[in-house]
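What the coordinates show
The residues making up each chain are set out below.
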Amino acid sequence: NTGATVAVLAALIALLGPVSGAHLNPAVSLVEALRGRLDWRETTGYVAVQVIGCCTGAILAHAMFELALIQSSTHVRAGWPQLLAELVATFGLLLVVLGHRRAQDAPWMVAAWIGAAYWFTASTSFANPAITIARSLSNTFSGIRPVDTPWFILAQLAGAVMALGVATLLFSKART
């Protein structure tokens, strides 16, 4: 599961980076809007497409494995350790996104972070609000109860904003 995630993420970022900046994650798009690198209208469009795309992907995965297309997860992912894990996973992801220096490094660095965070976080590193919503639609090992979803998203957004602050301090002089 981890290997497949890392491989497809690296491939998609390399493929879509030159086309759209590889905006696959609402937390990344929102931080780019806060930085003034994406306007808010574009950001809203990206976030809508990201959520729709992830939910469509969950339904497609269910179809490929002959599962009920629409499900509601019963997998409990609650409590401070899970939320802290999501904050850390998203913080690190955004630090990588904001800190990499060469565009060609983004695919492997982002995929490496997500692959590692799958193992070192208690939450298995969703680190993406759109993925979190989609995983609430899957009653498999990767799912999350809908009731736990808003808390995960809040933790992810907090991690993203914290990463923006730290990245501004760490990388602003390196870029001048």
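Data block above holds the structure.
Residues numbered from 1 in each chain as written. Predicted model: local features only at pLDDT ≥ 70, side-chain atom pairs only at ≥ 80, totals over all residues. Heavy atoms only, no water.

Details of the overall build of the chain
In plain terms, the rule: Strands are runs of DSSP state E lasting at least 2 residues, helices are runs of H or I lasting at least 4, and numbering of each runs from the N terminus. We compute the radius of gyration over the C-alpha atoms and compare it with the globule rule, which gives 2.2 Å times the number of residues raised to the power 0.38. Only protein chains enter the accessibility calculation, which uses a 1.4 Å probe. A residue is then buried if its area is under 20% of the maximum for its type, exposed if over 50%, and partly exposed in between. Note on definitions: a residue-residue contact is assigned when non-hydrogen atoms from the two residues lie within 4.5 Å. By the counting scheme adopted, Arg and Lys are positive, Glu and Asp are negative, and His together with the chain ends is not counted. In plain terms, the charge of a residue is placed at NZ if it is Lys, CZ if Arg, CG if Asp and CD if Glu.
Helix and strand counts for the chain stand at seven helices and zero strands. For the chain, whose C-alpha radius of gyration is 16 Å, the value lies close to the compact-globule estimate of 16 Å for 176 residues. Its C-alpha atoms give the chain principal-axis dimensions of about 50 × 35 × 30 Å. Expressed as a percentage of its 176 residues, the buried residues of the chain come to 43%. Taking contacts inside the chain between residues at least 6 apart in sequence as the whole, the part at least 24 apart equals 71%. On the chain, the mean spot of the 10 positive side-chain charges and the mean spot of the 7 negative ones are 9 Å from each other.

Examining the packing of helix α4 (residues 80-99) against helix α7 (residues 149-171)
So the rule is basically this: Lines fitted to C-alpha atoms define the axes, with helix axes restricted to the stretch in contact, and inter-axis angles between N-to-C directions lie between 0 and 180 degrees. Roughly parallel means an angle under 35 degrees; roughly antiparallel, over 145; roughly perpendicular, 65 to 115; everything else is oblique. The crossing is said to be left-handed when, going from far helix to near helix, the turn is anticlockwise and less than a right angle, and right-handed when the turn is clockwise. Each residue is assigned to one of three groups, with Ala, Val, Leu, Ile, Met, Phe, Trp, Tyr, Cys and Pro labelled nonpolar, Asp, Glu, Lys and Arg labelled charged, and all others, Gly among them, labelled polar.
Two numbers describe how α4 lies on α7: the axes approach to 7 Å, and their chain directions differ by 40 degrees. When the interaxial angle is binned, α4 and α7 end up oblique. Handedness of the crossing formed by α4 with α7: right-handed. Its residues assigned to classes, the contact of α4 with α7 comprises 18 nonpolar, five polar and one charged.

Overview of a nonpolar patch on the surface
The cut-off we apply is this: Like-charged residues within 9 Å of one another, or nonpolar side chains (Val, Leu, Ile, Met, Phe, Trp, Tyr) within 5 Å, are grouped into patches, provided each residue has over 30% relative accessible area and no salt bridge. The Shrake-Rupley method, run with a 1.4 Å probe sphere, supplies the accessible areas, and residue values consider only the shown protein chains as cover. Criterion for a salt bridge: a side-chain nitrogen of Lys or Arg within 4 Å of a carboxyl oxygen of Asp or Glu.
A cluster of nonpolar side chains, Leu-60, Met-64, Phe-65 and Leu-67, forms an exposed patch at the surface whose accessible area comes to about 460 Å². You can see Met-64 is positioned in helix α3 (residues 40-64).

Digging into the side chain of Asp-105
Just so we agree on the cut-off: Each polar contact in these results corresponds to two N or O atoms within 3.5 Å; when the atoms are within protein, one needs to be able to donate a hydrogen and the other to accept it, and residues that are neighboring in sequence are counted only if both atoms are side-chain atoms.
Mapped onto the secondary structure, Asp-105 falls in the loop between α4 and α5 (106-120). Within the local environment of Asp-105, its side chain forms a polar contact with the side chain of Arg-102, the two groups lying 2.9 Å apart.

Concerning the environment of Ala-111
With respect to the helices, strands and loops of the structure, Ala-111 is situated in helix α5. Residue class for Ala-111 comes out buried when judged on its relative accessible area of 1%. Each C-alpha atom, one on Ala-111 and one on Leu-9, is 5.7 Å from the other, the two residues being 102 residues apart in sequence.

Some remarks on the packing of aromatic side chains
The criterion, for reference: Stacked, tilted and edge-to-face are the three classes assigned to paired rings of Phe, Tyr and Trp, where Trp is represented by its six-membered ring and a pair needs centres within 6.5 Å; plane angles under 30 degrees give stacked, over 60 edge-to-face, the rest tilted. We count a charge as sitting over a ring when the NZ of a lysine or the CZ of an arginine lies within 6 Å of the ring centre and within 35 degrees of the ring normal.
All chains considered together, the criterion is met by three aromatic pairs. Between the aromatic rings of Trp-113 and Phe-120, the centroid separation amounts to 5.3 Å while the plane-to-plane angle is 75 degrees, which identifies the pairing as edge-to-face. Residue classification places Trp-113 among the partly exposed residues on the basis of a relative accessible area of 21%. The class for Phe-120 is partly exposed, based on a relative accessible area of 45%. When the ring of Tyr-118 is compared with that of Trp-119, the centres are 5.7 Å apart and the planes differ by 70 degrees; the resulting orientation is edge-to-face. On the accessibility criterion, Tyr-118 (22% relative accessible area) is partly exposed. The residue whose ring lies beneath Arg-135 is Phe-126, and the NZ or CZ to ring-centre distance is 3.5 Å.

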